[in-house]
Amino acid sequence: MTKHRLFWPAVVLAVLLLANLAFTPDFFAIRIKDGHLYGSLIDILHFGAPLVLVALGMTLVIATGGIDLSVGSTVAIAGALACLHISEAADPASPGTVVASVAIALAVALVLGVANGVLVARVGVQPIIATLILMVAGRGVAQLVTGGQIITVTSGPYRLIGGGYWLAVPFAVLLAVVVVLLTALLTRRTALGLLLESVGGNPVASRLVGIRASGLIALVYVFSALCAAVAGLMISSNVSSADGNNAGLWIELDAILAVVVGGTSLTGGRFSLGGTVLGALIIQALSTTIYTIGIPPETTLVFKAFVVITVCLIQSPAFRAKAVRRRSSATRSARPRPLKTEEAEA
Amino acid sequence: MTSNPMAGAVRRGRQYVPLLVTSVLLVLMFSVGSVQYDGFLSGQVLLNLLIDNAFLLVVAVGMTFVVLTGGIDLSVGAVVALSTMLSAWLVERHGWPPLLVIPLVLVVGTVAGFVMGWVIHSFEIQPFIVTLAGMFLARGLCYTISIDSISITDPTYTAFAQTRIPLPGDLFVSPSVLVAVGVVAVAFVVLHHTRLGRNVYALGGSEQSALLMGLPVARTKIAVYAVSGFCSSLGGVLLTFYMLSGYGLHAVGLELDAIAAVVIGGTLLTGGSGYLLGTVLGVLVLGLIQTLISFQGTLSSWWTRIVIGGLLFVFILLQRLIVGRRKV
Amino acid sequence: MPAQSAQQPVLEVRGIRKEFPGVVALDGVDFRLFPGEVHALMGENGAGKSTLIKVLTGVHPSDGGEVVLDGRPVRIAGPLQAQLAGISTVYQEVNLCPNLSVAENILIGREPRRFGLVHWSELRRRAAESVADLDLDIDVSAPLDSYSTAVQQLVAIVRAVEVSAKVLILDEPTSSLDREEVRQLFAVMRRLRDQGVAILFVSHFLDQVYEICDRMTVLLGGRLEGEYLTGELRQVDLVARMIGGEPSDPGEPSDSARREPAEGADAPPFLRADGLARSGAIEPYDLTIRSGEVVGLAGLLGSGRTEAARLLFGADHSTRGSVRIEGAEVSLRTPRTAISHGIAFCPEDRKTEGLIGELTVRENIVLALQAARGWTRPLSGTRQDEIALHWIRALGIRPGNPEALVRNLSGGNQQKVLLARWLITDPKLLILDEPTRGIDVGAKAEIQKLVADLAGDGMSVLFISAELEEVLRLCHRVGVLRDRRLVAELPNDGSLTPESIMATIASGAQS
């Protein structure tokens with residue numbers, strides 16, 4: 001049972017949620033008010049939805065052994081473009097305007113993703129460097145779009161994406177569920193997942209098997225940008241405004257964290273979409289917990305720091321080797337350690 | 001022997017290409033500014049570049065050490081913020097003397113860098129994830145100290161902030177500039193004239209070789225992160241003088257500026273090649289972009305980010321051309 | 001010729017033992033090295049050569065036995081200690097820093113200093129002096145990567161000597177040098193030998209060994225086979241000692257497993273290579289493989305067997321020559337194109353080039369077929385299970401669980417997974433590089449039988465192996481390689497024996 005890869009993330013999430021019960025006795029209570037579901041658990045799902053999406057794209061990128069630092073900028077750009085289009089439209093509330101604004105945001109994200117993909121897969125720039133460019137410039141672009149202002153929009157249909165409800169459930173949650181399911185179908189019902197894991201797990205062997213890696217790698221960066229764009233729409237829709245400076249700030253770090261916590265290794269190969277979803281919910285639950293306990297929410301960062309380093313240490317073969325050696329040398333301390341370094345001269 | 005002097009000269013020249021491009025860019029930007037705007041062509045505008053970017057220069061020097069080994073340090077901005085916060089908190093809320101606070105802040109930054117370097121080396125975890133955790137931790141600690149900005153009224157700090165050191169010709173600089181120049185000078189000597197510095201280059205050239213040549217790889221690797229931590233905290237001290245406040249949101253995104261300065265200065269992100277002088281030029285380029293945009297008046301400040309991103313793109317492609325040829 | 005008996009060896013290894021999990025790499029090996037000699041260390045894959053070198057240079061600690069340097073037992077704890085003790089090594093992959101100047105590469109770690117700072121002019125002067133000492137002409141202020149590999153190799157030697165090496169180990173220094181560069185290297189080696197340095201030389205090139213070495217030590221299967229004066233051991237005897245004259249295993253069928261090609265010897269060729277070559281890897285060679293024919297490639301380690309095969313699979317680009325498949329000229333630029341022409345390749349290094357360790361047996365088996373179909377045309381889950389279970393049964397892969405991680409399988413079972421991966425693509429030519437190396441006797445016999453059966457069904461096979469008995473048992477024709485050259489193509493008509501192949505390897509010509 002503990003062997004299952006989702007076991008530990010699930011335990012962590014459960015412990016986090018239970019911990020809340022001590023502080024908020026009705027933490028698990030879910031009420032229906034005005035035909036909408038309300039409650040702490042719903043909040044975690046609702047506010048966690050954008051992170052789930054960004055982390056989903058990040059998972060596939062990391063599976064190929066890459067990283068995408070530009071998702072935060074993409075989040076900001078997508079929100080900014082959509083809000084700009086709506087605010088300039090004659091009829092901001094018409095569904096046509098909203099559809100057009102979403103289309104514009106996704107189209108630009110597509111271009112950004114292709115740019116990242118080409119730099120990594122064709123030009124051969126290290127992923128962290130390639131996506132750093134857009135991470136730097138993207139914030140500027142987002143502010144350029146918004147003119148440095150916070151663009152506020154009043155549009156019912158647009159508000160639905162991130163802040164509205166459908167069938168009593170927050171629409172953002174439904175949207176996230178649909179994207180997660182589609183991604184699962186796309187990777188596990190086609191051979192995409194297998195080939196991505198192969199490329200990330202052993203690039204040399206993958207080439208000798210005849211896998212064309214560059215197309216696949218470019219594809220995951222495009223996918224990551226699209227996921228980030230949808231997340232950006234959700235975030236800006238939820239607050240009915242676009243903030244080029246702060247929207248999606250540091251979400252790339254949360255997304256990487258979610259992927260790593262979910263059990264996908266940063267070195268690439270095997271990935272777990274379920275793990276990533278749990279990971280993103282853990283991050284969101286952590287923020288909620290800190291908020292309900294009454295610690296200043298900004299200190300979440302300290303906890304995240306410890307989570308990152310703990311998970312990375314657990315995944316590090318060097319750390320495990322050292323831990324095992326310590327344990328075994330403690331039990332058999334009489335035996336000299338073979339790797340001990342001494343002077344060459346006897 | 002079969003050395004081809006021509007090919008050798010060409011090869012040798014190629015590593016100066018990014019540096020040359022940066023110098024030309026700098027001269028070009030300054031000329032354009034001088035022609036376009038009145039009052040641009042003055043020594044003080046140049047000196048103001050240094051005054052406004054002294055802390056960035058110090059941080060970028062530390063980043064240069066790390067990047068030369070092929071690593072990266074994402075924690076610098078957060079360590080700068082933590083240093084401003086720690087200074088302001090101890091001086092203002094606890095009344096500690098600045099002469100005690102400043103060394104303490106420098107020790108904290110250096111130790112933070114040392115620990116990150118140790119984790120990176122001992123457990124073979126990628127530098128970016130370790131320094132990312134360091135970034136979270138340092139920013140988080142800022143907020144545990146105080147959510148809000150703490151402004152500083154301590155006379156020592158304000159005196160330091162307001163001091164102007166006159167230069168001939170009605171020019172002046174701030175004490176921070178002298179500190180930054182001093183850091184650059186020391187770092188230059190360390191990188192080019194000490195064993196530690198040469199080991200940094202060797203490590204960036206090939207870690208495997210450095211190990212087999214019997215060089216102290218572990219010590220060097222940990223040292224560069226400690227140097228970066230020290231430079232970040234010193235940059236934080238300088239920023240405290242400049243802003244006269246401590247705040248957890250100071251220096252957001254500074255790590256990107258520092259990396260950009262290093263890259264535009266011609267240091268290869270894969271390590272092993274680059275010059276400290278290049279980093280100085282890189283910082284000047286970043287500063288000049290800001291100055292040009294503020295002189296221009298109608299362009300908004302976000303153009304700075306876009307232009308820096310564009311420059312990063314160009315220089316990374318340039319690096320790719322150079323490295324690509326060397327590796328093949 | 002130096003007279004050793006009167007002298008004391010500078011380096012002596014007694015009864016050295018080194019175990020890795022599951023393998024005894026060195027089993028009580030004795031070895032001595034005298035000052036002022038060039039000594040060759042010979043052996044095939046798994047003989048223990050590289051392990052011995054790693055023990056001597058402190059990369060691996062030994063598990064038993066002792067190392068005596070200048071009459072005193074020493075314990076070598078790491079590369080630095082080895083260098084300090086006087087043992088320096090120059091590896092095939094130059095282990096210097098390409099970004100630093102030649103002078104720094106020679107002296108880094110021991111730079112002359114003044115007031116605590118590096119004394120640059122003194123550094124350059126001393127480096128230039130060391131270079132001149134070996135009669136070389138290299139600009140020490142130029143960066144190392146402005147020079148060719150050969151010069152870098154020489155710089156590495158200068159560094160090694162500068163550390164005042166009593167023992168200089170040269171591990172395959174000539175693998176990427178041309179004839180003229182080798183001549184220069186040998187001149188330097190002779191000069192050092194005359195200065196009294198003891199040189200341990202490892203090379204796959206027999207000609208070079210016979211040209212430069214005074215004595216040689218042959219290792220076989222982790223044991224000392226013998227120590228010989230170069231002048232007293234004929235090349236053919238050396239080859240026999242390296243390969244080992246073990247009688248074939250009584251458990252294996254001693255008779256030939258090969259069958260006559262279905263369409264006879266004059267069947268149309270499936271593949272024909274004309275003057276195919278890759279500079280620095282394999283000299284131009286011609287090779288024809290007919291349908292239903294098993295062609296063997298024999299030769300010592302490093303003779304160019306793998307390099308020749310990789311060109312046919314598009315794993316490396318050829319620099320000249322052409323390939324025709326079923327009569328039509330094709331350009332094999334990538335493995336993908338080779339696969340589309342019906343070629344399959346099981347590489348020698350299963351772990352790094354063949355398998356995806358963290359994926360399951362099933363996933364590894366379907367990978368090549370799936371890659372050919374593209375990701376949009378997936379094999380269904382049930383189809384994958386069917387395929388995996390079929391081949392697990394057909395090849396006897398154990399454990400029989402298709403969901404087991406492939407990295408947890410034994411070597412023989414991993415090899416069968418690789419075979420299954422390619423067999424489901426129904427290839428016309430199967431290239432097998434050392435398919436039976438490092439696997440147990442039972443699995444070996446099964447794989448040999450499988451190869452014979454496949455050829456019987458009309459598949460062409462290119463079979464690379466260091467074991468001559470195996471090659472003779474399976475192949476219709478045998479290409480013999482030596483020093484990166486295909487020197488002979490021998491029909492296996494019954495008169496061919498391991499001895500005659502060895503003679504061909506040794507002499508470098510058709511006998």
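Since the structure is predicted, the reported quantities are computational estimates derived from the model, not experimental observations.

Student: Whenever I open this one, the sheet that holds strand S15 (residues 294–298) of chain C confuses me. Can you help?
Tutor: Residue and element names in this part refer to chain C. Taken in spatial order, the six strands make up an open sheet running S18-S19-S20-S15-S21-S22, and their pairing is mixed. Of all strands in the sheet, those with a lone pairing partner are strand S18 (343–346) and strand S22 (485–491), marking the two edges. Taken pair by pair, the neighbouring strands of this sheet meet at an average axis angle of 15 degrees, ignoring direction. As defined by bridge partners, S15 adjoins strand S20 (residues 460–464) across four bridges and the pair is classed as parallel. Across the sheet, Gly296 pairs through a bridge with Phe463, a residue of S20. Each of S15, strand S21 (477–482) and S22 touches helix H17 (residues 498–507); the most contacted strand, S21, lies at about 30 degrees to it.

Student: Looking at this structure, how should I read the pattern of salt bridges?
Tutor: Side chains bearing opposite charge may pair, as long as their charged atoms lie close to each other. In this structure the tally under the stated criterion is 47 salt bridges over all chains. C:Lys166 serves as the salt-bridge partner of C:Asp70, at 3.0 Å between the closest nitrogen and oxygen. Of this pair, C:Asp70 sits in the loop between strand S4 (64–69) and strand S5 (72–74) while C:Lys166 sits in the loop between helix H5 (149–162) and strand S9 (167–171), and the two are 96 residues apart along the sequence. Taking relative accessible area as the criterion, C:Lys166 reaches 32% and is therefore assigned partly exposed. Notably, a salt bridge pairs C:Arg183 with C:Glu180, separated by 2.8 Å at the nearest N-O pair. In this pair, C:Arg183 and C:Glu180 both sit in helix H6 (residues 179–194), three residues apart, roughly one turn of the helix. The exposure class of C:Glu180 is partly exposed, given its relative accessible area of 38%. What emerges from the salt-bridge pattern is a single network uniting A:Arg188, A:Glu197, A:Arg270 and C:Glu363.

Student: Sorry if this is basic, but what is going on with the domain arrangement of chain C here?
Tutor: It is common to give the size of an interface as the accessible area lost on bringing the parts into contact. Here chain C is partitioned into domain 1 (8–86 + 165–245), domain 2 (96–163) and domain 3 (269–507). For domain 2 of chain C versus domain 3 of chain C, the separation of C-alpha centres amounts to 45 Å.

Student: Can you help me understand the interface of chain A and chain B in this one?
Tutor: Listed per partner, the contact involves 41 residues of chain A and 35 residues of chain B. Both sides of the chain A and chain B interface together cover about 3,600 Å² of buried area, and 86% of this is carbon and sulfur. Taken together, chain A and chain B are joined by zero salt bridges. Applying the counting criterion to the chain A and chain B interface returns three residue pairs in polar contact (both at pLDDT 80 or more). The set of elements that each furnish at least two residues to the side of chain A that touches chain B consists of helix H4 (95–123), helix H5 (127–146), helix H11 (251–261), helix H13 (300–315) and helix H14 (317–331) of chain A.

Procedures and definitions
- Residue numbers restart at each chain and count upward from 1, following the sequence in its written direction.
- Each chain is given a letter, starting from A, and each ligand a number, starting from 1, according to the order in which they appear as written.
- Predicted model: local features are reported for residues with pLDDT of at least 70 only, side-chain atom pairs are reported and counted for 80 or more only, and whole-chain, interface and lining totals are derived from all residues.
- Derived side-chain values reflect all non-hydrogen atoms in the structure, with water molecules and hydrogen atoms excluded from consideration.
- Only strands joined by at least two bridges in the DSSP assignment are considered to pair.
- Under the scheme used here, helices are H or I runs from DSSP no shorter than 4 residues and strands are E runs no shorter than 2 residues, and both carry numbers assigned from the N terminus.
- What counts as an axis is a line fitted to C-alpha atoms, over the stretch in contact for a helix, and the angles between N-to-C directions run from 0 to 180 degrees.
- Residue contacts are defined here by distance: any two heavy atoms, one from each residue, within 4.5 Å place the two residues in contact.
- Each reported salt bridge corresponds to a side-chain nitrogen of Lys or Arg within 4 Å of a carboxyl oxygen of Asp or Glu.
- For the exposure calls, accessible area comes from a 1.4 Å probe over protein chains only, and a residue counts as buried if that area is under 20% of its type's maximum, exposed if over 50%, partly exposed in between.
- For the domains described, the bounds stem from an automatic or database domain assignment.
- By buried area we mean how much accessible surface two parts lose on assembly, using a 1.4 Å probe and totalling the loss over both.
- Pairing of N or O atoms within 3.5 Å defines a polar contact, subject to two protein rules: one partner must be a possible hydrogen donor and the other a possible acceptor, and residues neighboring in sequence count only if both atoms are side-chain atoms.

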